[in-house]
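Below, each chain spelled out in residue letters.
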Amino acid sequence: MRAIAGREVAFDEEGFFEDFESWSEEIFEALAQESGIEAITDQHRRVVRFLRDFYAYNGRAPLNNQLRQGMGLSLLELEGLFPQGLKLGARRLAGLPNPKTCS
Amino acid sequence: MIYLDNAATSFPKPAECLRRALERYLLLGASPGRGGYDRAVEAEAAVATVRSKLCRFFGVDENYRVCFTYNATDALNLLLQGLLQPGDHVVSSRLEHNSVLRPLHHLQSQGRIRFDLVPFSPDGFIDPAQVSAAIQPATRLVILTHASNVLGTVQPAQDIAAVCRERGVPLVLDVSQSAGSIPIRLKDWGAQGLAFTGHKALLGPTGIGGLVLGPDLDLEPTRFGGTGVDSRSPYQTREYPYRLEAGTINLLGILGLEESLDYVERSYAATYAREMALAEKLRDGLQVLPRLRLYAADRLDNHLPVLTCTLEKRRSEDIGAILDGDYGIAVRAGLHCAPFVHQQLGTLAQGAVRFSLGPFTTETEIDAAVAAMATVAGRI
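Let me begin by describing the structure that accompanies this report. Please read all numbers here as calculations on a predicted model, not as lab measurements. (Residues numbered from 1 in each chain as written. Chains lettered and ligands numbered in written order. Predicted model: local features only at pLDDT ≥ 70, side-chain atom pairs only at ≥ 80, totals over all residues.)

Thoughts on the overall build of chain B
Rules: Put simply, DSSP H or I for four residues or longer makes a helix, DSSP E for two residues or longer makes a strand, and each gets a number counted from the N terminus. The globule rule used for comparison is 2.2 Å times the number of residues to the exponent 0.38, while the radius of gyration itself is calculated over C-alpha atoms. Three exposure classes are used, all based on how many other C-beta atoms lie within 10 Å of a residue's own C-beta (placed from the backbone): buried at 20 or more, exposed at 12 or fewer, and partly exposed between those limits.
Across its full length, chain B holds eleven helices and 13 strands. Whereas a compact globule of 380 residues would reach a radius of gyration of roughly 21 Å, chain B reaches 21 Å, a difference of no more than 12%. Scored against the burial criterion, the 380 residues of chain B give a buried share of 50%.

Have a look at this one:
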């Protein structure tokens, strides 16, 4: 548990949310700043919203191909948006669970 | 999809092998060795034929025992739990897959055994002298991977077997990666056993593997149940291979393995030479890319068509996702179930990207992989 954006939130050892529902815009913004994102853009918010909506609807993260098609951006471009990359950046900041697999 | 994850499992499989296996299974499908009716006897005979073929394939006499398991991990568990006694010591290596490491750690955590892991050289090889130095009076077994699933380096099995023989300790090889890719002559090398899986370079289906054990390597059963023999006894039969094969065996998998064994044997050397030529092309294409580091790939002799690399300050899992999502290239990123390899390489935090080629990999696919990696490496 750690205090962030005025709340106590449980994260795993890699900084992923233990509970998808404990995510909030305020916590996302605090985590984004910690991760080295200098200014959160609409593009960042679109990625996070897509990931969260997809997970909420399907009960799993999007496939790589679904992420590319859904965002209309290459994964290479998405990786570049987040200083910590796709998994530790985009996925983690969106509050999706840690996949814990060798991908 | 461009499939470059053949070290995880080969894909595609030769379809005709699976079709033939299924046709035979549909005709033969009784329980092997269970019952005296003709179909059951025929099924048992078919299984015995595959055991014989495996003996030939691995270069051992028919007095070696071939016991079927689900896969190599299953075989290694049977071996380690069935052979080792309280107080025993084991020598293994930092190149091992978790299929060896986890059973060893489990047994050690229970206070039953101790083990030591010998390191590998920067070019990915185990030094037989270090194996010899690690052997103690209590050492009951040396268990080593024949070929690293991360680096692709093929270990000097014959030289290691020689030092083990001098010290009076049996050597068992995990041939998960090498079987079907390069010849294995277990008896000539002087090793006492091996664990294999059918679904990698042997091109068979998943769910079938086995142990091949020399006549001096006796295991206690660690699974118990019906075997079709000695049914009056409430205890597990002592007779091999049934001692280690509790429950109905995977007849469809065994038939699939037989078909793929025949297929592999027909084109063995030519396939390996072709795969290594493509691996060399991939290596040459990757090694000039900025910020990319290849591991144990300066020389590709004594090597399988497996190449592993990292990109400076980039996470391997992200590179794997980009290759998949943007280019349709399937590779394995992460730690490859071999954490001590990555610890020694210094790649434990970021992981690494592994390209593993197979018999159906083409030159065009290698060109596409190099081009994709060039684009990925070019993003700073």
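What to know about the environment of Leu95(B)
All names here are of chain B. In plain terms, the rule: Contact between two residues is assigned when their C-beta atoms, built from the backbone, lie within 7 Å.
Note on placement: leucine 95 falls in the loop between strand S3 (88–93) and helix H4 (98–109). Judged by local crowding, leucine 95 falls into the buried class, with 28 C-beta atoms found within 10 Å. The sequence separation of leucine 95 and phenylalanine 125 amounts to 30 residues, and the corresponding C-alpha distance is 8.7 Å. Ignoring sequence-local partners within four residues, the contact set of leucine 95 consists of Phe120, Ile126, Thr145, Ser148 and Val341.

Considerations on the sheet that holds strand S2 (residues 65–69) of chain B
Neighbouring strands of a sheet are bound in pairs by backbone hydrogen bonds; such pairs are parallel or else antiparallel. All names here are of chain B. The criterion, for reference: Paired strands, in this sense, are two strands between which DSSP finds at least two bridges. Geometry is summarised by axes, namely lines fitted to C-alpha atoms with helices restricted to the contacting stretch, and by angles between N-to-C directions that run from 0 to 180 degrees.
Pairing is mixed in the open sheet, where seven strands are placed in the order S2-S8-S7-S6-S5-S3-S4. Looking at strand neighbours, the two that pair on one side only are S2 and strand S4 (113–118), the edges of this open sheet. Put simply, the sheet's adjacent strands are angled 20° from each other on average, direction ignored. By the bridge criterion, three bridges tie strand S6 (residues 171–174) to strand S7 (residues 193–197) in an arrangement that is parallel. Its bridge partner being in S7, aspartate 174 is matched across the sheet by alanine 195.

Focus on the interface of chain B and chain A
In plain terms, the rule: Side-chain classes are defined by residue name, with Ala, Val, Leu, Ile, Met, Phe, Trp, Tyr, Cys and Pro counting as nonpolar, Asp, Glu, Lys and Arg as charged, and the others, Gly among them, as polar.
Taken residue by residue, the interface counts 17 residues in chain B and 15 residues in chain A. Going through the elements one at a time, helix H9 (316–327), strand S12 (332–334) and helix H11 (363–378) of chain B are the ones with two or more residues in the side of chain B that touches chain A. Looking at the side of chain B that touches chain A, the element that brings in the most residues is H9(B), giving eight residues. Classifying every residue of the side of chain B that touches chain A by side-chain character gives five nonpolar, five polar and seven charged.

Considerations on the packing of helix H2 (residues 38–57) of chain B against helix H8 (residues 251–286) of chain B
Two quantities define a packed helix pair, namely the angle between the helix axes and the distance between the axes. Residue and element names in this part refer to chain B. Short version of the rule: For classification purposes, an angle smaller than 35 degrees is called roughly parallel, one larger than 145 roughly antiparallel, one from 65 to 115 roughly perpendicular, and anything else oblique. Note on convention: the crossing is left-handed when the near helix lies turned anticlockwise from the far helix by less than a right angle, right-handed when the turn is clockwise.
At a minimum axis separation of 10 Å, H2 and H8 run at an interaxial angle of 40°. One way to sum up the angle between H2 and H8 is to call them oblique. As for the relative orientation of H2 and H8, their crossing is left-handed in sense. Note on element contacts: H8 touches H2 through Leu251, Ile254, Leu255, Leu257, Glu258 and Leu261, opposite Ala43, Ala46, Val47, Val50, Lys53 and Phe57.

Things to note about the nonpolar core
Residue and element names in this part refer to chain B. For the record, the criterion: In plain words, the nonpolar core is the set of buried Ala, Val, Leu, Ile, Met, Phe, Trp, Tyr and Cys residues that C-beta atoms within 7 Å link up.
Leu79, Leu194, Ala195 and Val212 are the most contacted members of the largest nonpolar core, which has 126 residues in total. Here this core gets eleven residues from one element, more than from any other, and that element is H8. Setting aside its immediate chain neighbours within four residues, alanine 195 contacts Ala72, Ala75, Leu76, Leu79, Val172, Asp174, Val175 and Leu211.

Overview of helix H5 (residues 86–93) of chain A
Across the eight residues of H5(A), seven count as buried, placing the element largely inside the fold. Looking only at H5(A), the buried set comprises Leu86(A), Lys87(A), Gly89(A), Ala90(A), Arg91(A), Arg92(A) and Leu93(A). Buried residues along H5(A) sit against helix H1 (25–34), helix H2 (42–58) and helix H4 (75–81) of chain A together with H9 of chain B. Just downstream of H5(A), Gly95(A) is the residue with a positive phi angle, here 85°.

Examining the environment of Ile184(B)
Structurally, Ile184(B) can be placed in the loop between S6 and helix H7 (186–189). Residues contacting Ile184(B), with those up to four places away along its chain left out, are Phe58(B), Gly59(B), Val175(B), Ser178(B) and Ala179(B).

Quick notes on the packing of H9(B) against H11(B)
Residues and elements named next belong to chain B. The N-to-C vectors of H9 and H11 enclose an angle of 120°; their axes lie 11 Å apart at closest approach. What the angle tells us is that H9 and H11 run oblique. Considering only the axes of H9 and H11, their crossing is right-handed. Two secondary-structure elements touch here, H9 through Ile319, Ile322, Leu323 and Tyr327 and H11 through Ala368, Ala372 and Val376. Considered class by class, the residues forming the contact of H9 with H11 number seven nonpolar, no polar and no charged.

So, helix H3 (residues 72–83) of chain B
Because the α-helix completes a turn every 3.6 residues, residues three or four places apart line up on one side. Residue and element names in this part refer to chain B. Selection criterion: A helix's residues, less one, multiplied by 1.5 Å, set its expected span.
Here H3 is twelve residues long and its end C-alpha atoms lie 16 Å apart, about the 16 Å a rise of 1.5 Å per residue gives. For H3, the buried fraction is high: ten of the twelve residues fall into the buried class. The complete set of buried residues in H3 reads Ala72, Thr73, Asp74, Ala75, Leu76, Asn77, Leu78, Leu79, Leu80 and Leu83. Next to the buried residues of H3 lie S2, H4, strand S5 (139–145), S6, S7 and strand S8 (209–213).

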